[in-house]
Amino acid sequence: MLQVLKTLRWAQPVRALSSVTTSSAATNVTTPAAVPAPEPDKLFSKLEIELRGIDPAVLKSYTWFANTAADHLGIEQGKCWSPRKAHHERMTLLKSVHIYKKHRVQYEVRTHFRYMNFHKLTGSTLDTFLEYIERNLPEGVALQVSKTELQQVPEHLRQPPEQV
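Residues numbered from 1 in each chain as written. Predicted model: local features only at pLDDT ≥ 70, side-chain atom pairs only at ≥ 80, totals over all residues. Heavy atoms only, no water.

Draft legend 1. Spatial organisation of the overall build of the protein. Counting its regular elements, the protein contains four helices and seven strands. In the protein, the order of α-helices and β-strands from amino to carboxyl end is α-β-β-β-α-β-β-β-α-β-α. Relative to its 164 residues, the protein shows a buried fraction of 18%. Total accessible area on the protein is roughly 13,200 Å²; 55% of this is exposed by carbon and sulfur atoms. (Helix = DSSP H or I, 4+ residues; strand = E, 2+ residues; numbered from the N terminus. Buried < 20%, exposed > 50% of the residue type's maximum accessible area, 1.4 Å probe, protein only. Areas by Shrake-Rupley, 256 points an atom, 1.4 Å probe, with all protein chains shown as cover.)

Draft legend 2. Spotlight on helix H3 (residues 123–135). For H3, which comprises 13 residues, the first-to-last C-alpha distance of 18 Å matches the rise-based estimate of 18 Å (1.5 Å per residue) to within 8%. Looking at H3, one finds that the buried residues are Gly123, Ser124, Thr125, Leu126, Phe129, Leu130 and Ile133. (Expected span 1.5 Å × (residues − 1).)

Draft legend 3. How the structure looks around the pattern of salt bridges. With the rule as written, the count across this model stands at seven salt bridges. Notably, a salt bridge pairs Arg52 with Glu50, separated by 2.6 Å at the nearest N-O pair. We classify Arg52 as partly exposed; its relative accessible area is 38%. On the accessibility criterion, Glu50 (15% relative accessible area) is buried. Between Glu108 and Arg90 there is a salt bridge, with the nearest N and O atoms lying 2.8 Å from each other. Here Arg90 lies in strand S5 (residues 87–94) and Glu108 lies in strand S6 (residues 104–122), a separation of 18 residues in the sequence. Residue classification places Glu108 among the partly exposed positions, given a relative accessible area of 35%. (Salt bridge = Lys/Arg side-chain N within 4 Å of Asp/Glu carboxyl O.)

Draft legend 4. Geometry of the environment of His119. Within the fold, His119 resides in strand S6. By relative accessible area, His119 is classed as partly exposed at 24%. When the C-alpha atoms of His119 and Glu76 are compared, they prove to be 5.4 Å apart, with 43 residues separating the residues in sequence. Discounting residues that sit within four places of it in the chain, His119 has contacts with Ser45, Lys46, Ile75, Glu76, Gln77 and Gly78. (Contact = heavy atoms within 4.5 Å.)

Draft legend 5. Examining a nonpolar patch on the surface more closely. There is a patch of nonpolar side chains on the surface, built from Ile54, Met91, Leu93, Tyr107 and Val109 and spanning about 480 Å² of accessible area. Going through the elements one at a time, S5 and S6 are the ones with two or more residues in the nonpolar patch. With respect to the element layout, Leu93 can be found in strand S5. Note on Leu93: relative accessible area 45%, which makes it partly exposed. (Patch = residues over 30% accessible without salt bridge, like charges linked within 9 Å, V, L, I, M, F, W, Y side chains within 5 Å.)

Draft legend 6. Geometry of the nonpolar core. Of all hydrophobic cores here, the largest spans 19 residues; its most connected members are Leu47, Ile49, Phe118 and Phe129. Elements with a contribution of two residues or more to this core: strand S3 (43–53), helix H2 (56–73), S6 and H3. Looking at which element gives the most residues to this core, the answer is H2, with six residues. Leaving out residues up to four positions away in the same chain, Phe129 has contacts with Leu47, Ile49, Ala66, Ala69, Ala70, Leu73, Ile75 and Phe118. (Core = buried A, V, L, I, M, F, W, Y, C linked by side-chain atoms within 4.5 Å.)

Okay, here's the thing in structure tokens:
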């Protein structure tokens, strides 16, 4: 399946041949239009995914789903973990608007986190993987992604500095 995705990524639309006519000796010369070479695929060293939700069981199930999808795409999996405690946010409100200051109500929201790392991805595989897991994101779960792209060293930094 990975090979099929790679071949689809490299497929470029075919351009029609352009014909050029010259007046010298009435000869028709056809030259193909310049077809640009496909761009090389980007490389990513690491993909970090942070999941936030209020139900830890849903987060655990979605982590299993994402790891299974990564296995099918041949993505190298890194560390997957979650903090022991959830983040608690408490709000205290008065029961009555004007009087009875002693009578209050407390509301609490618990946010659970889950982190996943994936290593050594190509740009096309990364796009396919992220689109698939984003489309199947359950309700009540937030997804935050950070990518680390590998780039070549610029030419002016490759050469050693001249000795003074």
